[in-house]
Amino acid sequence: MRLLRKDARMSIRTEGHVTIDRPAAEVFEYLTHGEHLPEYIDDFEVVSHEQPGAPAQGHVYSYKMKRGAEGTFEWTEFRPNDKLAWSGPAVKQGPGSMRPSGWWELSEHDGHTHVTLVMTPEPGGLFTLLAPLMKRTMTKGNARALEKLKARLEGGSQPG
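This one's a predicted model, so the numbers in the text were calculated from it and none came from an experiment.

Chemist: A description of the sheet that holds strand β7 (residues 96-99) should follow, citing residues and the corresponding values.
Modeler: On the basis of which strands lie adjacent, the open sheet formed by 3 strands has the order β6-β7-β10 and antiparallel pairing. In this open sheet, the two strands that pair with only one neighbour each are β6 (91-93) and β10 (122-125). Here the strands of the sheet are splayed against their neighbours by 25° on average, with no regard to which way each runs. As paired strands, β7 and β10 are joined by 4 bridges and run antiparallel to one another. By the bridge assignment for β10, Gly96 is matched with Gly125.

Chemist: Hey, could you go over the packing of aromatic side chains for me, with residue numbers and the actual values?
Modeler: Scanning all chains against the criterion turns up 8 aromatic pairs. Both rings, one in Phe73 and one in Trp75, keep their centres 5.3 Å apart while their planes meet at 65°; by these two values the pair is edge-to-face. The same class applies to Phe73 as to Trp75, namely buried. The cationic tip of Lys83 hangs over the ring face of Trp103; the distance from NZ or CZ to the ring centre is 5.1 Å.

So, how was this worked out
Residues numbered from 1 in each chain as written. Predicted model: local features only at pLDDT ≥ 70, side-chain atom pairs only at ≥ 80, totals over all residues. Heavy atoms only, no water. Pairing = 2+ DSSP bridges. Helix = DSSP H or I, 4+ residues; strand = E, 2+ residues; numbered from the N terminus. Axes fitted to C-alpha atoms, helices over the stretch in contact; angles between N-to-C directions. Phe/Tyr/Trp six-rings, centres within 6.5 Å; stacked < 30°, edge-to-face > 60°. Buried < 20%, exposed > 50% of the residue type's maximum accessible area, 1.4 Å probe, protein only. Lys NZ or Arg CZ within 6 Å of the ring centre and 35° of its normal.

Below is the structure:
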């Protein structure tokens, strides 16, 4: 039997895709405002931008999840109309923890934007053992989030 070394890191990887009938600049602008997350991701209760001004690489957001977990993340890669990545410190909840990380990739074709959402959180504690179940749950949640994002942006809601 092979045991994980204490310093070994495990991550969960989920990926989802959707095409939105909006230009990449509009989709990117909306995504950069982390405070919009509760509008399309069910698990978020509230997200706050912790710095003044327009979102940018290195900007930090604080969040509270509906199940009570609280933490922060920052934009670690910020390539307008192309890629937006985030990462944050591990958040402890009960017998486990989760370090958030992932990215959005955008590509525009004829005014439509293909959006890819990749999530790569790192579970810790008991969550490491639950990773396969958590991955299935996250995959379903991401599919819901992408459909809600599409409906929101195509429904005439103004980003920003």
